[in-house]
Amino acid sequence: MPNPTKSREGLPQISLWRRATNGLASFLALLAVLLVLLPLGAIFAYLMYKGVGSINWAFLTQTPKPVGETGGGMANAIAGTVLILGIASCMGVPIGIGAGIYLAEYGRNRFGNLVRFTADVLNGVPSIVVGIVAYGIVVLGQGHFSALAGGVALAIMMIPTITRATEEMLLLVPQAIREAAYGLGVPRWRTTLSITLRTATSGVITGVMLAFARVAGETAPLLFTAFGNQYWNWKLNQPTAALSLQVYSYAISPFDEWHRQAWAGALILIVLIVASVGAVRIAANRGMLKGAS
């Protein structure tokens, strides 16, 4: 059999066909990335064009003005969004991570399969249905709308995403790491929390941020739960404003001034989501939230 043509370094030369195939595959991969980023860039650029001119100090510090008056802002809606998302995160993140740990470490049984199936189905349930469920469970139980009800609705939406992401990240941890801990006499529960989970921390955080970004802009569940408020509110058992609700209310109104503020509110909402996700990723990359590698 003849020897393949070799380069000056003594290594076989890569054929023209393989180089062309590699170049085509690289081009298609780059094109796919651009197609993914293009809609996001277009949305953000259009929001900047329509909304940045309406953002000022009054918009960030004042509550909405009555119909017919110019000015005002969405400060109460910004605060309400932070409050509702904080409630949702406090409930959804621990439950989601705990369920993911169970599925990865102890869920190789019928009950685990049932939990996985339920999480997958819940991931596909429309958000408005989740809002109706939260309305029936929390709002009717309390007798009124509240920030707590909004947080419960968003937490229900966060849990399945965090659960499945946590499970997949833990399953990527090599079994040899667990066996090494068992060999040193470390209990299984301690191995799971101190070694396995810490090893997969970066991936788990990514799953949490995906769930957070998904629910941060939801409107339909909050229509049935938080309901909205034109004034400041820090009480968990009272109706509360949110950026998504305020943008929706202003967008369907017939007033040009409210349309202008709706664009500004949408831009602020996107900026808050990007800033939150970016801050957590920076903290993780710098080791503040990062586990063992």
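Since this is a predicted model, take the numbers as computed values, not measurements.

Considering a nonpolar patch on the surface
A cluster of nonpolar side chains, namely Leu-24, Phe-27, Leu-28, Leu-31 and Leu-35, defines an oily patch on the protein surface of about 490 Å² accessible area. Take Leu-28: it is sitting in helix α1 (residues 16-51).

Considerations on the pattern of salt bridges
Going through the model one piece at a time under the given rule, you end up with five salt bridges. Note that Arg-178 and Glu-105 form a salt bridge whose closest N and O atoms lie 2.9 Å from each other. Here Arg-178 is found in helix α7 (residues 175-183), whereas its partner Glu-105 is found in helix α3 (residues 75-105), with 73 residues between them in sequence. Each member of the pair, Arg-178 together with Glu-105, is buried.

A closer look at the packing of α3 against helix α9 (residues 201-216)
Two elements in contact, α3 and α9, have axes whose closest approach is 11 Å; the angle formed by their N-to-C orientations is 140°. By the angle between their directions, the pair α3 and α9 is classed as oblique. Seen along the crossing, α3 lies across α9 with a hand that is right-handed. On the side of α3, the interface is formed by Leu-85, Ser-89, Val-93 and Ile-97, while α9 contributes Val-204, Val-208, Phe-212, Val-215 and Ala-216. Looking at side-chain class alone, the contact of α3 with α9 contains eight nonpolar, one polar and no charged residues.

As for the confidence of the model for the chain
Low pLDDT means the predicted atomic positions in that stretch should not be read closely. Of all residues in the chain, 94% have pLDDT values of 70 or greater, and the mean over the chain is 88. Here helix α12 (residues 256-285) is the element of the chain with the lowest mean pLDDT, 87, and helix α6 (residues 147-171) is the one with the highest, 95.

Quick look at the nonpolar core
Nonpolar side chains tend toward joint burial in soluble globular proteins. One finds Leu-154 and Met-158 to be the most contacted residues of the largest nonpolar core, which totals 52 residues. Of all elements in the fold, only α3, α5 (127-142), α6, α9, α11 (243-251) and α12 reach the threshold of two or more residues within this core. Among the elements that take part in this core, α3 stands out by supplying eleven residues, more than any other.

What counts, and where the lines are drawn
Residues numbered from 1 in each chain as written. Predicted model: local features only at pLDDT ≥ 70, side-chain atom pairs only at ≥ 80, totals over all residues. Heavy atoms only, no water. Patch = residues over 30% accessible without salt bridge, like charges linked within 9 Å, V, L, I, M, F, W, Y side chains within 5 Å. Areas by Shrake-Rupley, 256 points an atom, 1.4 Å probe, with all protein chains shown as cover. Salt bridge = Lys/Arg side-chain N within 4 Å of Asp/Glu carboxyl O. Helix = DSSP H or I, 4+ residues; strand = E, 2+ residues; numbered from the N terminus. Buried < 20%, exposed > 50% of the residue type's maximum accessible area, 1.4 Å probe, protein only. Axes fitted to C-alpha atoms, helices over the stretch in contact; angles between N-to-C directions. Parallel < 35°, antiparallel > 145°, perpendicular 65-115°, else oblique. Left-handed = near helix turned anticlockwise from the far one by under 90°. Contact = heavy atoms within 4.5 Å. Nonpolar A, V, L, I, M, F, W, Y, C, P; charged D, E, K, R; others polar. pLDDT = per-residue confidence, 0-100. Core = buried A, V, L, I, M, F, W, Y, C linked by side-chain atoms within 4.5 Å.

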